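# What the coordinates show
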Amino acid sequence: MYKFKGKQYPCCASLTMGIIGGKWKTVILYHLLDRTLRYNELRKEMPTVTERTLSLQLKHLEEDGIIRRKVYTSKPPLKVEYSLTDFGKTLIPLIQSIADWGVAVVENKENRSQVKTKTYQI
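In this text, all values refer to a predicted model and were calculated from it rather than measured experimentally. (Residues numbered from 1 in each chain as written. Predicted model: local features only at pLDDT ≥ 70, side-chain atom pairs only at ≥ 80, totals over all residues. Heavy atoms only, no water.)

## Overview of the sheet that holds strand β3 (residues 37-38)
Spatial ordering of the open sheet is given by β3-β5-β4, a layout of three strands whose pairing is antiparallel. The open sheet is flanked by β3 and β4 (67-72), the only strands paired with a single partner. Where β3 meets strand β5 (residues 79-84), two bridges bridge the pair, whose relative direction is antiparallel. The residue of β5 that forms the bridge with R38 is E81. (Pairing = 2+ DSSP bridges. Helix = DSSP H or I, 4+ residues; strand = E, 2+ residues; numbered from the N terminus.)

Printed below as a string of C-alpha cells:
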C-alpha cells in the first residue's frame with residue numbers, strides 16, 4: 001500500500017495515475033514542461049477543455065505540489081502564471097516519453113497505412 005497526501009493507493013502505478021491521470025492533467029503538464037504560462041495561454045493551447053475542467057485540474061495539480069500558481073496583484077489586471085515545481089519537474093521524463101509515444105503511434109499508423117495500401121494494390 002502506498003500513501004500520498006492522505007490517500008492510499010494499492011500500487012505505485014495507481015499512485016502515479018492518481019496524480020497525473022485523467023484526460024487533461026498530462027496535457028497541462030506537457031504544455032508546462034519548458035515554460036511558464038498564464039491561464040489564458042493554457043486555454044489557447046487546449047481549446048477543447050472547458051474553463052471549469054481546466055480550473056479544477058490546475059487546482060488538483062497545485063494541491064499535489066506538481067505545479068506552482070503565482071498571482072501578481074501589484075497592478076490591475078490580475079495576472080496568474082502556472083509553472084512546474086521542482087517536484088513537478090521530476091515528471092518531465094515521463095511526460096516527454098508519453099508525448100514521444102504519441103508521435104510514434106501516429107508515424108507507425110501512417111507507415112502501416114502505406115503498407116496496407118501497397119498490399120491491396122497488388
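Structure's up, so let's keep going.
## What to know about helix α4 (residues 51-63)
Since the α-helix turns once every 3.6 residues, residues separated by three or four places project in the same direction. Taking 1.5 Å of rise per residue, the 13 residues of α4 would be expected to cover 18 Å, and the 18 Å separating its terminal C-alpha atoms lies within 8% of that figure. Burial in α4 covers these residues: L54, Q57, L58 and L61. In a view along the axis of α4, the buried residues occupy a sector of 100°, so they form one face of it. In the core, the buried residues of α4 are packed alongside α1 (12-20), α2 (25-31), α3 (39-45), β4 and β5. Phi turns positive, to about 80°, at G65, one or two residues after α4. (Expected span 1.5 Å × (residues − 1). Buried < 20%, exposed > 50% of the residue type's maximum accessible area, 1.4 Å probe, protein only. Arc of directions from axis to C-beta. Contact = heavy atoms within 4.5 Å.)

## Re unusual backbone geometry
Unlike most non-glycine residues, K5 shows phi in positive territory, near 50°. Tracing the backbone through its elements, the reader meets K5 in the loop between β1 (2-4) and β2 (7-9).

## Let's talk about the nonpolar core
L29, L32, L42, L54, L58, I67 and Y82 are the most contacted members of the largest nonpolar core, which has 25 residues in total. Among the secondary structure elements, those contributing two or more residues to this core are α1, α2, α3, α4 and β5. Contacts of L54, omitting those with residues within four sequence positions, involve I28, Y39, L42, R43, M46 and V49. (Core = buried A, V, L, I, M, F, W, Y, C linked by side-chain atoms within 4.5 Å.)

## Concerning α1
Along α1, the residues that are buried comprise L15, I19 and I20. For α1, the angular spread of the buried residues around the axis is 110°, confining them to a single face. Phi turns positive, to about 105°, at G22, one or two residues after α1.

## Comments concerning the pattern of salt bridges
Close approach of charged atoms lets side chains of opposite charge pair. Tallied over the full model, the rule gives two salt bridges. For the salt bridge of E45 with R35, the shortest nitrogen-to-oxygen distance reads 3.3 Å. Of this pair, E45 sits in helix α3 while R35 is found in the loop between α2 and β3, placing the two residues ten residues apart along the sequence. Residue R35 is classed as partly exposed on the basis of its relative accessible area, which comes to 37%. The closest approach of N and O atoms between E81 and K79, which form a salt bridge, is 3.6 Å. On the accessibility criterion, E81 (18% relative accessible area) is buried. On the basis of relative accessibility, which here comes to 28%, the residue K79 falls in the partly exposed class. (Salt bridge = Lys/Arg side-chain N within 4 Å of Asp/Glu carboxyl O.)

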